[in-house]
Amino acid sequence: MGPSVSHAAKLSDPVETIAILEKLYLRDKDFVLCCVNDSGKGLTGDSGSHWSLLLIDNRFKQAFHLDSIKGYNSRHARELCVKLGIPDKDFNELPNQTMVIQLRAMQGCCLPNLLMHLTLL
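Reading the values: the criteria
- Residues numbered from 1 in each chain as written.
- Predicted model: local features only at pLDDT ≥ 70, side-chain atom pairs only at ≥ 80, totals over all residues.
- Heavy atoms only, no water.
- Helix = DSSP H or I, 4+ residues; strand = E, 2+ residues; numbered from the N terminus.
- Buried < 20%, exposed > 50% of the residue type's maximum accessible area, 1.4 Å probe, protein only.
- Areas by Shrake-Rupley, 256 points an atom, 1.4 Å probe, with all protein chains shown as cover.
- Axes fitted to C-alpha atoms, helices over the stretch in contact; angles between N-to-C directions.
- Parallel < 35°, antiparallel > 145°, perpendicular 65-115°, else oblique.
- Contact = heavy atoms within 4.5 Å.
- Nonpolar A, V, L, I, M, F, W, Y, C, P; charged D, E, K, R; others polar.
- Pairing = 2+ DSSP bridges.
- Salt bridge = Lys/Arg side-chain N within 4 Å of Asp/Glu carboxyl O.

Caption draft 1: Region of interest: the overall build of the protein. Scanning the protein for helices and strands turns up five helices and four strands. The secondary structure elements of the protein, listed N-terminal to C-terminal, are α-α-β-β-β-α-β-α-α. Burial statistics for the protein: of 121 residues in total, 36% are counted as buried. Total accessible area computed for the protein in this model is approximately 7200 Å², and 60% of it derives from carbon and sulfur atoms.

This is how it looks when you write it as structure tokens:
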């Protein structure tokens, strides 16, 4: 899911969020990658200073949050999870720098294969 869509979903009321998600058929996808921004302001203006990544696993209704500053965007990622139908008990904060370094190492070999199986919107 693109950054603007995930940000809109996070800030919209539940009815609007459901309408956004239904049009994208996100519940039909095994995995959904979401960009999370720390802005709490509306959809206008330039705000927010930090981005993180949220992986939604629809097969098991779990979320995995990857943040280079562990915990910094947790509140925002949890808000988005609630809108996406993931219970808070199934929200997982992944280790910060170690995981980022591992993902960078995977970028050249494994990541392209993983991305072939994901639908990015």
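Caption draft 2: Examining the packing of helix 1 (residues 3–11) against helix 3 (residues 74–83) more closely. At their nearest, the axes of helix 1 and helix 3 sit 8 Å apart, and the two run at 80° to each other. Viewed along their axes, helix 1 and helix 3 adopt a mutual orientation that is roughly perpendicular. Together, Ser6, Ala9, Lys10 and Leu11 of helix 1 and His76, Glu79, Leu80 and Lys83 of helix 3 make up the contact between the two elements. Considered class by class, the residues forming the contact of helix 1 with helix 3 number three nonpolar, two polar and three charged.

Caption draft 3: Structural detail: the pairing of strand 1 (residues 31–37). Of all seven residues in strand 1, five are buried, a share of seventy percent or more. Relative to strand 2 (residues 51–57), strand 1 is paired through seven bridges, and the arrangement is antiparallel. Paired with cysteine 35 across the bridge in strand 2 is leucine 53.

Caption draft 4: Region of the structure containing unusual backbone geometry. Positive phi outside glycine occurs at lysine 61, with the angle close to 50°. Here lysine 61 shows up in the loop between strand 2 and strand 3 (62–66).

Caption draft 5: How the structure looks around the pattern of salt bridges. Across all of its chains, the model carries four salt bridges by this definition. The residue aspartate 57 makes a salt bridge to arginine 59 at a minimum N-O spacing of 2.8 Å. The partly exposed category is assigned to arginine 59, whose relative accessible area is 46%. The salt bridge partner of lysine 89 is aspartate 90, with a shortest N-O separation of 3.2 Å.

Caption draft 6: Representation of helix 3 within the structure. All of the buried residues in helix 3 are Ser74, His76, Ala77, Leu80, Cys81 and Lys83. Buried residues belonging to helix 3 abut helix 1, helix 2 (14–24), strand 1, strand 2, strand 3 and strand 4 (91–93). Trailing helix 3 by a residue or two, glycine 85 shows a phi angle of about 85°, which is positive.

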